[in-house]
Structures are given as C-alpha cells and as structure tokens.
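Each chain, written out:
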Amino acid sequence: MHPAQLWKPLEGGKVQCRLCAHFCVLADGDRGRCGVRVNDHGALFTLVADRVAALAVDPVEKKPLFHFRPGTTTLSLATMGCNMSCTFCQNFSLSQGPRTGEAVQGRRAEPEALAQAALDHHCASLSYTYSEPTVFFELARATAQAARARGLDNILVSNGFMSPECLEALGPLIQAANIDLKAFSEEFYRELCGARLAPVLDNLRHIRALGWWLEVTTLVIPGLNDSDAELAAIAGFIAGELGPDVPWHVSRFHPDHRLRGVGPTPVGTLERAWSLGREAGLHFVYLGNAPGGGVDGERESTRCPGCDAVLLRRTGFLVRENFLGSGPERGRCPECGQPVPGVW
C-alpha cells in the first residue's frame, strides 16, 4: 500500500476519499467502490500506485483521438480497478476484479521508467487508459510529471466521473482527453454503470475550461441508448456546451461482460447517430469499431468543415493519407485554407 492523495480525515477514524464523484466515506478497513483505495487506521492508502496491469504501444487513433498528433504512437498503461460497474464493460477483467474482492494484480513500475520507456519506443505521448485512470491517480500524476519533463504529451482516456479536485490536480499535466459519454439519462448511469450522469457533464465542461484537447466517445448499445432522442441529446450537448469542433466518436457495441444477450450494434444505427450529430451542428463525427468505415467508407476520415475535402484518410487506426501539410501551413485545409481544429 502507498499513501493516497485527495482525501480528508473524518471523526471516528473514518476518511472521505475526494478522488471521484462517489466521494466514498470509509470506516477503518473499508475499501472504496473502486476496490483499490482502503482506509487503514484513519488514513487512506492506494493499492495501485506502482502496479501496472496493462502496458502497450498503441496508435493514438486507438484511444480514440483523431485530432491529436495523428499517426503517432502512445505508450498506454493501466492498473486494475474502476469507479464504475458498467454491465457492458469491454475491459472488465482489468477493471472489475478489485470491486468484487479479487487481489490486485500488476507488475511494479516506476513513473520515471514508464516515461523513459515511452521515449525508448519512439512514442509521442503516454496514455492513461484501458481501465479508469482516476483510480490510479497517484501513478498517473507522477508519470505525467516525468513525461512532461521529457517533452512528452499526456492523454487521459476516462469515464469522466472524477472529482473537480482531481481535474484541477491533473490540469497542467494533461494535453488531451477522450471522455466516455455513455448515455444521456440518469437512469442509464444509475442502473447500468453504478454512477451518475450530472458529474460527467460537469467534468466535460471543466475539461474544456482547462484547455485540454477533448474528444468524446459514446458506445451505442441496441435498445439501451440508441434512440433518436437520446443520440440527438448527446450530440446537442456536445455541440452546444462543448463546441461544434469537439469530435464525437460513435462506437459499435459487441456483447461482453454481463450484457452478452444484446447483439452487436447495426452499422445502420451508427450511420443514424452520425447523421444526428451532423444535424446538431457537430463538424466531426466518426464511426468506431465499424470495419469499412460506414456506407461510404469515409466515416473514419477527417473532412474539412469548410469545403468537405478529405484531410486525413483512415482505415481503422491507420492513417493512410495526411493532407494537412507541414510548416506554417500545417493544420490548414490545402483546398480552401481553413484552419482545422486539433493538435497537428
């Protein structure tokens, strides 16, 4: 165990964790909902400050981030644990074990060594991803500091259920984030995720105010969050509250974890979400987990919001062609000259 950050002592040996929007109050010996933070004699400790359970070099497009240093690789890392209990989790073996009492697994790793490994593997960034980086805040923060010292970027891939204090602490260290907006109803978040929608919406606004490059992902699940009304509400929130230049990734569900009785998302549903996003005023909507890139094969590609020219042509996570140029013209459409939002 290692001393945790972002908590406060309470009377009677209890503590309150201030890391995520659950704000768990723990008696001596109790663990938080994440399963990786424990009250030991009136002090809060983390079980994952140095326990990396997943480590890989990924294309940054896999996060997914389509407007942040496209074509580069990122060193992705995670510990076990999550502060949500999504029935449809596609990384459940990594995220859910500690919540059910399983021992925390992982190889010991130091922040400086992780940052150096990113350099050694020619990565442009490190990504805190796969499970939920909020619950391994101490490791993520220290590693992000080491990464910045080496000139590397940091990426957060999260469910967005952290506390405001957590966001502020990470604020100067993170350059880009992809946040899941899983649905647009409190009922969905309560019954399928064990969480709440409102803090996620507040945190999305907070992230925009922090100045991170932001992209949003929605896993579209048949019969649960795929109605026109709900998809239009998500798209409307992104366009109206976060801005029309924030990319929205609508991703295909496949049966997993405790939701194996629901079939994969029809590509036609993703196309409908794409249309609703565009109707809401979003400039960039992308299909995810949909081989072939949708009906026209270009729903993974980036187009100019001004003249509709293809700027980045992708197949899956591979950037096949990049027309955004170099030097002083980098990041501008070569056809009409319009600046294209992103970090190029």
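What you are looking at is a predicted structure, and each value in this text was computed from that prediction instead of being measured. (Residues numbered from 1 in each chain as written. Predicted model: local features only at pLDDT ≥ 70, side-chain atom pairs only at ≥ 80, totals over all residues. Heavy atoms only, no water.)

## A few points about the pattern of salt bridges
No. 1: Applying the stated criterion across every chain yields a total of 18 salt bridges.
No. 2: Put simply, Asp50 and Arg108 hold a salt bridge, and the shortest N to O gap is 2.6 Å. Residue Asp50 is found in the loop between strand S6 (43-46) and strand S7 (51-52), and its partner Arg108 is found in strand S10 (residues 107-108); the two are separated by 58 residues along the sequence.
No. 3: One salt bridge connects Arg313 with Glu298, and the closest N-O pair in it is separated by 2.9 Å. Placement of the pair is Arg313 in strand S18 (residues 310-315) and Glu298 in the loop between strand S16 (285-288) and strand S17 (302-303), with a sequence separation of 15 residues.
No. 4: For Arg313, a relative accessible area of 19% gives the class buried. (Salt bridge = Lys/Arg side-chain N within 4 Å of Asp/Glu carboxyl O. Helix = DSSP H or I, 4+ residues; strand = E, 2+ residues; numbered from the N terminus. Buried < 20%, exposed > 50% of the residue type's maximum accessible area, 1.4 Å probe, protein only.)

## Notes on the pairing of strand S12 (residues 153-158)
No. 1: In terms of burial, S12 is largely enclosed, as six of its six residues are buried.
No. 2: Burial along S12 is two-sided: the residues Asp153, Ile155 and Val157 and Asn154, Leu156 and Ser158 are all buried.
No. 3: Taken together, the four bridges between strand S11 (residues 125-128) and S12 define a ladder with parallel strand orientation. Looking at S12, one finds that Ser125 is bridged to Asp153.
No. 4: In this fold, S11 hands off to helix H3 (residues 137-149), which returns the chain to S12; that crossover is right-handed.
No. 5: A crossover connection joins S12 to the parallel strand S13 (residues 176-180) through helix H4 (residues 164-170); in handedness this β-α-β unit is right-handed. (Pairing = 2+ DSSP bridges. Right-handed = clockwise from strand over helix to strand, strands pointing away.)

## Concerning helix H6 (residues 197-210)
No. 1: In this model, H6 (14 residues) spans 20 Å end to end at C-alpha, consistent with the 20 Å of a helix rising 1.5 Å per residue.
No. 2: Close packing links the buried residues of H6 with H4, S13, helix H5 (186-193), strand S14 (213-220) and helix H7 (228-242).
No. 3: Directly after H6, the chain includes Gly211, whose backbone phi takes a positive value near 90°. (Expected span 1.5 Å × (residues − 1). Contact = heavy atoms within 4.5 Å.)

## Regarding the sheet that holds strand S3 (residues 15-17)
No. 1: In spatial order, the strands read S2-S3-S4; together these three strands make up an open sheet with antiparallel pairing. Each having just a single partner strand, strand S2 (7-9) and strand S4 (25-26) make up the two edges of the open sheet.
No. 2: The pairing of S2 with S3 spans three bridges and is classified as antiparallel. Looking at S3, one finds that Lys8 is bridged to Gln16.

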